[in-house]
Amino acid sequence: MLLWTINDFPACSSLSGWGGQGYKVCLTCNEDTPSYRVSNKFVYVGHRCFLDADHPWRKSLDYNGEHKTRGPPRQFSEEEIQAQNPRLLFRPPGKVAAQRADIKRDREDFELNWSKKSISFELEYWSSLDLKHKFDLMHIEQNVGESLVGPSLMNDKSKDTSNARADLKKLNIQKSQWLKKSGNKFLKPHPPYSFTKPDRICFCKFIRHVKLPDGFGSNIGKKVNETNTNIIGLKSHDYHILMQHLLPIGVKGLLGKGVYTPIIELFLHLPDEAIYGGPVCMRWMYPFERYMKKLKNYVRNKARPEGSIVEGYVAEEALSFCSMYLEDVETRFNRLERNEDVVIEETKLWVFQSKCRPARAKKMKNLSLEEKNVYIEFNKELSALSIGVHVNAFTYTACIVNGVRFMVLMRDAQRSTQNSGVLTEGENKEKYYGQIEEIIELHYPHKYSTVLFCCKWFDTAGVKSNNNFTSIDPQRELSSENQLIFAMQGKQVFYIQ
(Lines give C-alpha, C1' and ligand atoms only; values in the text may rest on other atoms or scores of the structure.)
Protein backbone atom coordinates (compact mmCIF):
# COMPACT_ATOMS: atom_id res chain seq x y z
CA MET A 1 0.00 0.00 0.00
CA LEU A 2 1.40 3.38 -1.04
CA LEU A 3 0.88 5.98 1.69
CA TRP A 4 2.89 8.90 0.28
CA THR A 5 6.02 9.73 -1.68
CA ILE A 6 9.13 11.28 -0.13
CA ASN A 7 10.97 13.53 -2.55
CA ASP A 8 12.62 16.87 -3.10
CA PHE A 9 10.95 19.68 -5.06
CA PRO A 10 12.04 18.70 -8.63
CA ALA A 11 11.00 15.06 -8.08
CA CYS A 12 7.62 16.21 -6.74
CA SER A 13 6.91 17.75 -10.14
CA SER A 14 7.50 14.43 -11.89
CA LEU A 15 5.55 12.30 -9.40
CA SER A 16 2.53 14.54 -8.93
CA GLY A 17 2.16 15.88 -12.47
CA TRP A 18 2.09 19.47 -11.20
CA GLY A 19 4.74 21.59 -12.92
CA GLY A 20 7.66 22.90 -10.91
CA GLN A 21 8.00 26.19 -12.80
CA GLY A 22 5.84 29.19 -13.51
CA TYR A 23 3.49 31.38 -11.52
CA LYS A 24 1.62 28.51 -9.85
CA VAL A 25 4.56 26.40 -8.73
CA CYS A 26 3.18 25.30 -5.33
CA LEU A 27 1.16 22.08 -5.43
CA THR A 28 -0.61 22.85 -2.14
CA CYS A 29 -1.53 26.48 -2.91
CA ASN A 30 -2.52 25.43 -6.42
CA GLU A 31 -3.90 28.35 -8.46
CA ASP A 32 -3.71 30.70 -5.44
CA THR A 33 0.11 30.63 -5.28
CA PRO A 34 1.37 34.18 -4.45
CA SER A 35 3.94 34.98 -7.16
CA TYR A 36 5.25 37.76 -9.36
CA ARG A 37 7.48 38.02 -12.42
CA VAL A 38 10.55 40.20 -12.15
CA SER A 39 12.89 40.59 -15.12
CA ASN A 40 13.34 37.08 -16.49
CA LYS A 41 12.43 35.06 -13.40
CA PHE A 42 9.56 34.32 -11.04
CA VAL A 43 9.61 35.34 -7.40
CA TYR A 44 7.34 33.97 -4.69
CA VAL A 45 6.64 36.63 -2.10
CA GLY A 46 3.60 37.77 -0.15
CA HIS A 47 3.91 35.09 2.52
CA ARG A 48 2.44 37.43 5.10
CA CYS A 49 -0.96 36.25 3.86
CA PHE A 50 -0.42 33.02 5.84
CA LEU A 51 -0.30 34.94 9.13
CA ASP A 52 -3.30 35.40 11.40
CA ALA A 53 -5.58 38.30 10.54
CA ASP A 54 -4.56 40.20 13.71
CA HIS A 55 -0.81 39.50 13.42
CA PRO A 56 1.27 42.72 13.80
CA TRP A 57 3.42 41.88 10.77
CA ARG A 58 0.37 42.29 8.54
CA LYS A 59 0.20 45.97 9.51
CA SER A 60 3.97 46.50 9.34
CA LEU A 61 5.19 48.94 6.67
CA ASP A 62 8.82 47.79 6.83
CA TYR A 63 8.50 45.34 3.96
CA ASN A 64 6.87 47.23 1.08
CA GLY A 65 5.13 50.14 2.79
CA GLU A 66 1.72 48.47 2.58
CA HIS A 67 -0.62 46.54 4.83
CA LYS A 68 -1.29 42.90 3.98
CA THR A 69 -5.02 42.21 3.86
CA ARG A 70 -5.13 39.17 1.58
CA GLY A 71 -6.10 35.90 3.27
CA PRO A 72 -4.26 32.59 2.94
CA PRO A 73 -4.75 30.35 -0.12
CA ARG A 74 -7.73 28.06 -0.19
CA GLN A 75 -7.70 24.46 0.96
CA PHE A 76 -8.63 22.60 -2.21
CA SER A 77 -10.94 19.65 -1.72
CA GLU A 78 -10.72 16.23 -3.37
CA GLU A 79 -13.55 17.10 -5.77
CA GLU A 80 -11.84 20.31 -6.89
CA ILE A 81 -8.57 18.51 -7.64
CA GLN A 82 -10.40 15.78 -9.54
CA ALA A 83 -12.22 18.43 -11.58
CA GLN A 84 -8.89 19.98 -12.67
CA ASN A 85 -7.38 16.81 -14.15
CA PRO A 86 -9.89 16.34 -17.05
CA ARG A 87 -8.95 19.80 -18.35
CA LEU A 88 -5.59 18.50 -19.55
CA LEU A 89 -5.19 18.38 -23.32
CA PHE A 90 -3.62 15.35 -24.96
CA ARG A 91 -0.12 16.04 -26.23
CA PRO A 92 2.00 13.39 -27.91
CA PRO A 93 5.41 13.07 -26.25
CA GLY A 94 8.30 14.72 -28.04
CA LYS A 95 8.73 18.02 -29.81
CA VAL A 96 8.62 16.62 -33.36
CA ALA A 97 5.39 14.67 -32.76
CA ALA A 98 3.70 17.78 -31.40
CA GLN A 99 4.74 19.80 -34.46
CA ARG A 100 3.39 17.18 -36.84
CA ALA A 101 0.08 17.12 -34.97
CA ASP A 102 0.05 20.94 -34.98
CA ILE A 103 -0.43 21.02 -31.20
CA LYS A 104 0.95 23.76 -28.98
CA ARG A 105 3.33 22.51 -26.34
CA ASP A 106 2.63 25.46 -24.04
CA ARG A 107 -0.05 24.91 -21.43
CA GLU A 108 -3.35 26.72 -21.67
CA ASP A 109 -4.58 28.88 -18.79
CA PHE A 110 -7.38 26.47 -17.88
CA GLU A 111 -4.82 23.66 -17.45
CA LEU A 112 -3.25 25.60 -14.56
CA ASN A 113 0.14 24.02 -13.83
CA TRP A 114 -0.81 20.41 -14.55
CA SER A 115 1.53 18.75 -17.05
CA LYS A 116 0.12 15.22 -16.78
CA LYS A 117 -2.16 13.08 -14.69
CA SER A 118 -0.16 11.10 -12.17
CA ILE A 119 -0.39 7.33 -12.48
CA SER A 120 -0.93 7.24 -8.70
CA PHE A 121 -4.53 8.38 -9.27
CA GLU A 122 -5.27 4.91 -10.63
CA LEU A 123 -5.19 3.74 -7.01
CA GLU A 124 -8.73 3.92 -5.67
CA TYR A 125 -7.75 5.50 -2.36
CA TRP A 126 -5.11 7.93 -3.69
CA SER A 127 -7.39 10.90 -4.30
CA SER A 128 -8.75 10.71 -0.73
CA LEU A 129 -5.33 10.93 0.95
CA ASP A 130 -4.65 14.21 2.77
CA LEU A 131 -0.88 13.88 2.27
CA LYS A 132 0.17 12.52 -1.11
CA HIS A 133 3.64 13.97 -1.69
CA LYS A 134 5.96 14.85 1.17
CA PHE A 135 9.06 16.97 0.92
CA ASP A 136 12.14 15.36 2.42
CA LEU A 137 13.21 17.35 5.46
CA MET A 138 16.83 16.35 4.93
CA HIS A 139 17.02 18.21 1.62
CA ILE A 140 14.93 21.10 2.92
CA GLU A 141 17.26 21.61 5.87
CA GLN A 142 20.27 21.60 3.57
CA ASN A 143 18.73 24.07 1.11
CA VAL A 144 17.45 26.42 3.81
CA GLY A 145 20.75 26.11 5.68
CA GLU A 146 22.67 27.16 2.59
CA SER A 147 20.26 30.06 2.08
CA LEU A 148 20.88 31.23 5.65
CA VAL A 149 24.60 30.65 6.00
CA GLY A 150 25.42 31.96 2.51
CA PRO A 151 24.04 35.52 2.91
CA SER A 152 25.25 35.67 6.52
CA LEU A 153 28.85 34.93 5.55
CA MET A 154 28.59 36.45 2.05
CA ASN A 155 30.20 33.37 0.48
CA ASP A 156 29.82 31.85 -3.00
CA LYS A 157 26.38 30.39 -2.18
CA SER A 158 24.93 33.79 -1.28
CA LYS A 159 21.95 34.93 -3.35
CA ASP A 160 22.52 38.55 -2.32
CA THR A 161 23.86 39.77 -5.66
CA SER A 162 23.65 43.09 -7.46
CA ASN A 163 20.86 41.75 -9.67
CA ALA A 164 18.90 40.71 -6.59
CA ARG A 165 19.23 44.24 -5.18
CA ALA A 166 18.01 45.64 -8.51
CA ASP A 167 14.99 43.34 -8.32
CA LEU A 168 14.13 44.80 -4.92
CA LYS A 169 13.78 48.19 -6.55
CA LYS A 170 11.57 46.80 -9.32
CA LEU A 171 9.31 45.21 -6.68
CA ASN A 172 9.38 48.44 -4.64
CA ILE A 173 10.26 46.60 -1.43
CA GLN A 174 13.05 46.90 1.15
CA LYS A 175 14.07 50.40 0.06
CA SER A 176 16.94 50.46 2.55
CA GLN A 177 18.67 47.67 0.58
CA TRP A 178 18.51 49.24 -2.88
CA LEU A 179 21.76 49.91 -4.74
CA LYS A 180 23.25 53.32 -3.95
CA LYS A 181 25.02 55.21 -6.73
CA SER A 182 28.36 56.66 -5.74
CA GLY A 183 30.07 58.36 -8.69
CA ASN A 184 30.44 55.78 -11.44
CA LYS A 185 29.80 52.85 -9.10
CA PHE A 186 26.83 51.26 -7.40
CA LEU A 187 27.29 50.23 -3.77
CA LYS A 188 25.30 47.64 -1.83
CA PRO A 189 24.22 48.78 1.66
CA HIS A 190 25.20 46.32 4.37
CA PRO A 191 22.13 44.15 5.09
CA PRO A 192 21.03 43.38 8.67
CA TYR A 193 21.11 39.62 7.97
CA SER A 194 24.85 39.61 7.13
CA PHE A 195 27.85 39.63 9.46
CA THR A 196 30.36 42.41 9.47
CA LYS A 197 33.94 41.28 8.90
CA PRO A 198 34.84 41.12 12.65
CA ASP A 199 31.55 39.34 13.41
CA ARG A 200 32.15 36.89 10.58
CA ILE A 201 35.51 35.93 12.08
CA CYS A 202 33.92 35.66 15.53
CA PHE A 203 31.16 33.35 14.24
CA CYS A 204 33.61 31.12 12.36
CA LYS A 205 35.82 30.84 15.45
CA PHE A 206 32.74 29.83 17.44
CA ILE A 207 32.02 27.03 14.94
CA ARG A 208 35.70 25.97 14.91
CA HIS A 209 35.77 25.42 18.69
CA VAL A 210 32.47 23.53 18.93
CA LYS A 211 32.90 20.01 20.35
CA LEU A 212 29.98 17.62 19.93
CA PRO A 213 29.36 14.32 21.75
CA ASP A 214 30.69 11.11 20.26
CA GLY A 215 28.41 9.92 17.45
CA PHE A 216 26.25 13.06 17.60
CA GLY A 217 27.73 14.71 14.53
CA SER A 218 30.87 15.17 12.49
CA ASN A 219 33.80 17.37 13.46
CA ILE A 220 32.17 20.52 12.12
CA GLY A 221 35.10 22.66 13.25
CA LYS A 222 37.21 21.28 10.39
CA LYS A 223 34.83 22.83 7.87
CA VAL A 224 36.02 26.35 8.77
CA ASN A 225 38.73 27.70 6.46
CA GLU A 226 42.15 28.84 7.68
CA THR A 227 41.27 32.54 7.69
CA ASN A 228 38.11 32.01 9.79
CA THR A 229 35.96 33.76 7.17
CA ASN A 230 33.92 30.92 5.62
CA ILE A 231 32.45 27.47 6.27
CA ILE A 232 32.79 25.04 3.37
CA GLY A 233 32.08 21.37 2.65
CA LEU A 234 29.04 20.96 4.90
CA LYS A 235 26.95 17.81 4.40
CA SER A 236 23.22 17.35 4.95
CA HIS A 237 23.58 16.23 8.57
CA ASP A 238 26.01 19.09 9.24
CA TYR A 239 23.29 21.55 8.24
CA HIS A 240 20.88 19.67 10.51
CA ILE A 241 23.23 20.16 13.49
CA LEU A 242 23.95 23.74 12.47
CA MET A 243 20.30 24.80 12.25
CA GLN A 244 19.00 22.85 15.22
CA HIS A 245 21.74 23.57 17.77
CA LEU A 246 24.49 25.96 16.67
CA LEU A 247 23.00 28.73 14.54
CA PRO A 248 20.54 30.06 17.18
CA ILE A 249 23.43 30.45 19.63
CA GLY A 250 26.12 31.60 17.19
CA VAL A 251 24.15 34.54 15.75
CA LYS A 252 23.02 35.80 19.16
CA GLY A 253 24.51 39.23 19.72
CA LEU A 254 26.06 39.36 16.23
CA LEU A 255 22.98 40.06 14.11
CA GLY A 256 20.11 42.41 14.77
CA LYS A 257 17.31 41.29 17.05
CA GLY A 258 14.57 39.46 15.20
CA VAL A 259 16.54 38.95 11.98
CA TYR A 260 16.05 35.20 12.00
CA THR A 261 12.55 35.24 13.45
CA PRO A 262 10.89 35.12 9.96
CA ILE A 263 12.57 31.72 9.42
CA ILE A 264 9.47 30.28 11.09
CA GLU A 265 7.38 31.44 8.15
CA LEU A 266 9.61 29.79 5.52
CA PHE A 267 8.28 26.30 6.19
CA LEU A 268 4.71 27.11 5.29
CA HIS A 269 3.36 23.63 4.59
CA LEU A 270 5.67 21.52 6.78
CA PRO A 271 3.40 21.78 9.87
CA ASP A 272 0.54 20.23 7.90
CA GLU A 273 2.84 17.43 6.77
CA ALA A 274 3.85 16.81 10.39
CA ILE A 275 0.17 16.58 11.43
CA TYR A 276 -0.73 14.14 8.66
CA GLY A 277 2.52 12.18 8.48
CA GLY A 278 3.59 11.90 12.12
CA PRO A 279 7.17 11.93 13.48
CA VAL A 280 9.72 13.14 10.98
CA CYS A 281 12.15 10.33 11.80
CA MET A 282 9.83 8.01 9.87
CA ARG A 283 9.72 10.29 6.83
CA TRP A 284 13.23 11.56 6.09
CA MET A 285 15.95 10.13 3.90
CA TYR A 286 18.89 9.78 6.28
CA PRO A 287 18.65 5.94 6.62
CA PHE A 288 18.42 5.50 2.84
CA GLU A 289 21.27 7.91 2.14
CA ARG A 290 23.49 6.06 4.62
CA TYR A 291 22.65 2.75 2.99
CA MET A 292 23.42 4.23 -0.43
CA LYS A 293 26.85 5.19 0.91
CA LYS A 294 27.35 1.57 1.99
CA LEU A 295 26.46 0.34 -1.50
CA LYS A 296 28.77 2.89 -3.14
CA ASN A 297 31.66 1.55 -1.04
CA TYR A 298 31.29 -1.77 -2.91
CA VAL A 299 32.32 -0.08 -6.18
CA ARG A 300 35.81 -1.11 -7.28
CA ASN A 301 35.42 -0.71 -11.04
CA LYS A 302 33.98 2.75 -11.74
CA ALA A 303 33.28 1.75 -15.33
CA ARG A 304 30.84 -0.92 -14.08
CA PRO A 305 29.38 0.43 -10.83
CA GLU A 306 26.22 -1.73 -10.89
CA GLY A 307 28.16 -4.95 -11.31
CA SER A 308 30.58 -3.97 -8.54
CA ILE A 309 27.69 -3.32 -6.15
CA VAL A 310 26.09 -6.71 -6.94
CA GLU A 311 29.38 -8.53 -6.56
CA GLY A 312 30.21 -6.86 -3.25
CA TYR A 313 26.70 -7.41 -1.88
CA VAL A 314 26.74 -11.13 -2.75
CA ALA A 315 30.23 -11.55 -1.25
CA GLU A 316 29.13 -9.93 2.02
CA GLU A 317 26.01 -12.11 2.17
CA ALA A 318 28.11 -15.24 1.66
CA LEU A 319 30.61 -14.25 4.35
CA SER A 320 27.79 -13.40 6.76
CA PHE A 321 26.19 -16.81 6.16
CA CYS A 322 29.48 -18.65 6.74
CA SER A 323 30.21 -16.68 9.91
CA MET A 324 27.10 -18.15 11.54
CA TYR A 325 28.93 -21.50 11.79
CA LEU A 326 32.24 -20.19 13.14
CA GLU A 327 32.93 -20.60 16.85
CA ASP A 328 35.44 -18.72 19.00
CA VAL A 329 35.80 -16.14 16.21
CA GLU A 330 34.57 -12.56 16.33
CA THR A 331 31.89 -12.09 13.67
CA ARG A 332 29.12 -9.62 12.95
CA PHE A 333 26.72 -11.83 14.92
CA ASN A 334 28.66 -11.86 18.20
CA ARG A 335 30.52 -8.56 17.94
CA LEU A 336 29.28 -5.88 20.31
CA GLU A 337 28.10 -2.61 18.85
CA ARG A 338 30.30 0.43 19.36
CA ASN A 339 28.20 1.86 22.21
CA GLU A 340 26.40 -1.28 23.37
CA ASP A 341 25.97 -1.80 27.10
CA VAL A 342 27.24 -4.83 28.98
CA VAL A 343 24.68 -7.32 30.26
CA ILE A 344 23.68 -6.19 33.75
CA GLU A 345 22.14 -8.77 36.02
CA GLU A 346 19.04 -7.67 37.87
CA THR A 347 19.98 -6.91 41.51
CA LYS A 348 17.12 -4.83 42.78
CA LEU A 349 17.12 -4.23 46.54
CA TRP A 350 13.63 -5.53 47.04
CA VAL A 351 14.32 -6.02 50.74
CA PHE A 352 13.79 -2.30 51.32
CA GLN A 353 10.37 -2.54 49.67
CA SER A 354 9.10 -4.99 52.24
CA LYS A 355 7.12 -2.63 54.44
CA CYS A 356 3.85 -2.57 56.32
CA ARG A 357 1.44 -0.27 58.13
CA PRO A 358 1.55 -1.16 61.88
CA ALA A 359 -1.86 -1.98 63.34
CA ARG A 360 -0.68 -1.86 66.96
CA ALA A 361 1.81 0.13 69.02
CA LYS A 362 5.46 -0.54 68.21
CA LYS A 363 7.90 -1.96 70.80
CA MET A 364 11.68 -1.61 70.89
CA LYS A 365 13.75 -4.85 70.73
CA ASN A 366 17.49 -5.12 71.27
CA LEU A 367 19.08 -7.62 68.88
CA SER A 368 21.87 -9.83 70.03
CA LEU A 369 24.93 -10.44 67.87
CA GLU A 370 23.67 -13.87 66.82
CA GLU A 371 20.25 -12.53 65.89
CA LYS A 372 21.83 -9.70 63.92
CA ASN A 373 23.92 -12.15 61.87
CA VAL A 374 20.86 -14.27 61.19
CA TYR A 375 18.93 -11.29 59.82
CA ILE A 376 21.93 -10.06 57.78
CA GLU A 377 22.69 -13.44 56.19
CA PHE A 378 19.01 -13.79 55.28
CA ASN A 379 19.68 -11.86 52.02
CA LYS A 380 22.93 -11.57 50.01
CA GLU A 381 22.38 -7.97 48.94
CA LEU A 382 21.63 -6.92 52.49
CA SER A 383 24.72 -8.80 53.65
CA ALA A 384 26.91 -7.08 51.05
CA LEU A 385 25.73 -3.63 52.15
CA SER A 386 26.25 -4.41 55.83
CA ILE A 387 29.82 -5.62 55.29
CA GLY A 388 30.64 -2.58 53.18
CA VAL A 389 32.60 -1.82 50.05
CA HIS A 390 35.98 -3.38 49.30
CA VAL A 391 39.08 -1.30 49.84
CA ASN A 392 40.16 -1.70 46.19
CA ALA A 393 38.08 0.04 43.50
CA PHE A 394 38.46 0.54 39.77
CA THR A 395 38.49 3.89 37.95
CA TYR A 396 37.89 4.48 34.25
CA THR A 397 38.39 7.40 31.90
CA ALA A 398 35.47 6.33 29.72
CA CYS A 399 32.44 4.07 29.94
CA ILE A 400 29.18 3.29 28.13
CA VAL A 401 25.87 3.65 29.97
CA ASN A 402 22.44 3.26 28.34
CA GLY A 403 24.07 3.21 24.90
CA VAL A 404 25.82 6.57 25.50
CA ARG A 405 29.59 7.04 25.77
CA PHE A 406 30.77 9.10 28.77
CA MET A 407 34.31 10.35 29.40
CA VAL A 408 36.03 12.22 32.19
CA LEU A 409 36.79 15.90 31.78
CA MET A 410 40.57 15.39 31.65
CA ARG A 411 40.30 13.05 28.66
CA ASP A 412 37.72 15.24 26.96
CA ALA A 413 40.22 18.10 26.82
CA GLN A 414 42.47 16.00 24.56
CA ARG A 415 39.77 15.02 22.08
CA SER A 416 37.75 16.71 19.36
CA THR A 417 34.50 15.42 20.87
CA GLN A 418 32.77 16.29 24.13
CA ASN A 419 31.39 13.48 26.31
CA SER A 420 31.86 14.72 29.88
CA GLY A 421 28.66 16.81 30.17
CA VAL A 422 26.03 15.29 32.44
CA LEU A 423 22.52 16.18 33.61
CA THR A 424 20.61 14.69 36.54
CA GLU A 425 17.38 15.48 38.36
CA GLY A 426 16.96 16.03 42.08
CA GLU A 427 14.25 14.77 44.41
CA ASN A 428 11.92 17.63 43.41
CA LYS A 429 12.63 17.28 39.65
CA GLU A 430 15.10 20.19 39.72
CA LYS A 431 17.85 19.84 37.12
CA TYR A 432 21.56 19.88 37.86
CA TYR A 433 24.23 20.31 35.20
CA GLY A 434 27.86 19.32 35.57
CA GLN A 435 30.92 17.58 34.15
CA ILE A 436 32.32 14.16 35.02
CA GLU A 437 35.68 14.27 36.78
CA GLU A 438 35.99 10.61 37.78
CA ILE A 439 34.30 7.29 36.96
CA ILE A 440 34.68 4.83 39.81
CA GLU A 441 33.44 1.25 40.20
CA LEU A 442 32.88 0.02 43.76
CA HIS A 443 32.93 -3.69 44.62
CA TYR A 444 30.99 -5.45 47.39
CA PRO A 445 30.99 -9.02 48.68
CA HIS A 446 29.14 -11.72 46.71
CA LYS A 447 30.45 -10.18 43.43
CA TYR A 448 28.19 -7.12 43.61
CA SER A 449 29.40 -3.83 42.12
CA THR A 450 28.11 -0.39 41.19
CA VAL A 451 29.44 2.49 39.09
CA LEU A 452 29.40 6.10 40.30
CA PHE A 453 30.12 9.42 38.59
CA CYS A 454 32.08 12.00 40.58
CA CYS A 455 31.04 15.30 39.00
CA LYS A 456 31.74 18.98 39.17
CA TRP A 457 28.32 20.63 39.47
CA PHE A 458 27.44 24.14 38.32
CA ASP A 459 25.28 26.51 40.30
CA THR A 460 21.87 26.46 38.61
CA ALA A 461 20.50 29.48 40.47
CA GLY A 462 19.24 31.99 37.93
CA VAL A 463 19.57 29.54 35.03
CA LYS A 464 17.77 30.71 31.87
CA SER A 465 16.08 28.25 29.50
CA ASN A 466 14.76 29.25 26.09
CA ASN A 467 13.91 27.17 23.01
CA ASN A 468 15.52 24.00 24.38
CA PHE A 469 18.73 25.90 25.26
CA THR A 470 19.92 26.40 28.83
CA SER A 471 22.38 29.16 29.77
CA ILE A 472 24.80 28.30 32.59
CA ASP A 473 27.69 30.21 34.12
CA PRO A 474 30.58 27.68 34.34
CA GLN A 475 32.45 29.95 36.76
CA ARG A 476 29.83 29.40 39.47
CA GLU A 477 30.22 25.95 40.99
CA LEU A 478 28.36 24.26 43.81
CA SER A 479 30.09 23.14 46.98
CA SER A 480 32.19 19.99 46.94
CA GLU A 481 29.50 18.05 48.85
CA ASN A 482 27.18 15.60 47.09
CA GLN A 483 29.34 15.20 44.00
CA LEU A 484 28.44 11.54 43.42
CA ILE A 485 25.57 10.11 41.38
CA PHE A 486 24.85 6.63 40.09
CA ALA A 487 25.88 6.16 36.47
CA MET A 488 22.31 5.22 35.52
CA GLN A 489 21.06 8.59 36.80
CA GLY A 490 23.14 10.67 34.38
CA LYS A 491 21.97 11.97 31.00
CA GLN A 492 24.46 13.33 28.51
CA VAL A 493 24.53 17.01 27.54
CA PHE A 494 27.13 19.14 25.78
CA TYR A 495 28.20 22.72 26.37
CA ILE A 496 28.84 25.47 23.84
CA GLN A 497 30.70 28.65 24.74
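Residues numbered from 1 in each chain as written. Predicted model: local features only at pLDDT ≥ 70, side-chain atom pairs only at ≥ 80, totals over all residues. Heavy atoms only, no water.

## Some words on the confidence of the model for the chain
Model confidence for the chain is summarised by a mean pLDDT of 82, while 89% of its residues fall at 70 or above. For the chain, the element scoring lowest by mean pLDDT is helix H4 (residues 95-100), at 62; helix H11 (residues 305-323) scores highest, at 92. The low-confidence segment residues 260-266 (pLDDT under 50) makes eleven contacts with residues lying over four places distant or belonging to another chain. (pLDDT = per-residue confidence, 0-100. Helix = DSSP H or I, 4+ residues; strand = E, 2+ residues; numbered from the N terminus. Contact = heavy atoms within 4.5 Å.)

## Some words on helix H1 (residues 9-16)
All of the buried residues along H1 are Cys12, Ser13 and Ser16. Angular distribution of buried residues about the axis of H1 spans 105 degrees; they occupy a single face of the element. In this fold, the buried residues of H1 make contact with strand S1 (5-7) and strand S4 (133-135). Two or three places before Ala11, at the opening of H1, Asp8 has a side-chain oxygen 3.2 Å from that residue's backbone nitrogen. The positive-phi residue at the C-terminal boundary of H1 is Gly17, with phi of around 90 degrees. (Buried < 20%, exposed > 50% of the residue type's maximum accessible area, 1.4 Å probe, protein only. Arc of directions from axis to C-beta. Polar contact = N/O pair within 3.5 Å; in protein donor to acceptor, adjacent residues only side chain to side chain.)

## Regarding the packing of helix H7 (residues 197-208) against helix H8 (residues 236-250)
Look at H7 against H8: their axes get within 10 Å of each other, and the N-to-C directions meet at 135 degrees. Comparing their axes, H8 and H7 come out oblique. Crossing hand, H7 versus H8: right-handed. Across the interface between the two elements, Phe203, Phe206 and Ile207 from H7 touch Leu242, Leu246, Leu247, Ile249 and Gly250 from H8. Taken together, the residues of the contact of H7 with H8 break down into seven nonpolar, one polar and no charged. (Axes fitted to C-alpha atoms, helices over the stretch in contact; angles between N-to-C directions. Parallel < 35°, antiparallel > 145°, perpendicular 65-115°, else oblique. Left-handed = near helix turned anticlockwise from the far one by under 90°. Nonpolar A, V, L, I, M, F, W, Y, C, P; charged D, E, K, R; others polar.)

## Observations regarding the environment of Leu452
Considering the arrangement of structural elements, one finds Leu452 in strand S12 (residues 448-457). On the basis of relative accessible area, Leu452 is assigned to the buried category, the value being 12%. Residues Leu452 and Phe486 lie 34 residues apart in sequence; the distance between their C-alpha atoms is 4.6 Å.

## Focus: unusual backbone geometry
Even without glycine at this site, Met154 takes up a positive phi of about 55 degrees. Examined against the element boundaries, Met154 turns out to sit in the loop between helix H5 (137-153) and helix H6 (162-171). Taking the relative accessible area as the measure of exposure, Met154 reaches 32% and is therefore partly exposed. The phi dihedral of Asn402 is positive, around 55 degrees, even though this residue is not glycine. As for its placement among the helices and strands, Asn402 is situated in the loop between strand S8 (398-401) and strand S9 (404-407).

## With respect to the pairing of S9
Here four bridges tie S8 to S9, and the two strands are oriented antiparallel to one another. Bridge pairing in S9 places Cys399 opposite Phe406. (Pairing = 2+ DSSP bridges.)

## Regarding a nonpolar patch on the surface
A cluster of nonpolar side chains, contributed by Tyr291, Val310, Tyr313 and Val314, occupies part of the molecular surface with about 380 Å² of accessible area. For Tyr291, the position within the fold is in helix H10 (residues 286-296). A relative accessible area of 39% places Tyr291 in the partly exposed class. (Patch = residues over 30% accessible without salt bridge, like charges linked within 9 Å, V, L, I, M, F, W, Y side chains within 5 Å. Areas by Shrake-Rupley, 256 points an atom, 1.4 Å probe, with all protein chains shown as cover. Salt bridge = Lys/Arg side-chain N within 4 Å of Asp/Glu carboxyl O.)

## Side note on the packing of aromatic side chains
Aromatic ring pairs: the centre-centre distance and the angle between the two ring planes describe each pair. Under the definition given, this model contains ten aromatic pairs. Ring geometry for Phe203 versus Phe206: centroids 6.4 Å apart, planes at 40 degrees, classification tilted. Of this pair, Phe203 and Phe206 both sit in helix H7, three residues apart, which is roughly one turn of the helix. The two residues Phe203 and Phe206 agree in class, both being buried. Look at Phe406 and Phe453: their rings are 5.4 Å apart centre to centre, the planes differ by 55 degrees, and that puts the pair in the tilted class. Linking Phe406 in strand S9 with Phe453 in strand S12, this pair joins segments that are 47 residues apart in sequence. (Phe/Tyr/Trp six-rings, centres within 6.5 Å; stacked < 30°, edge-to-face > 60°.)

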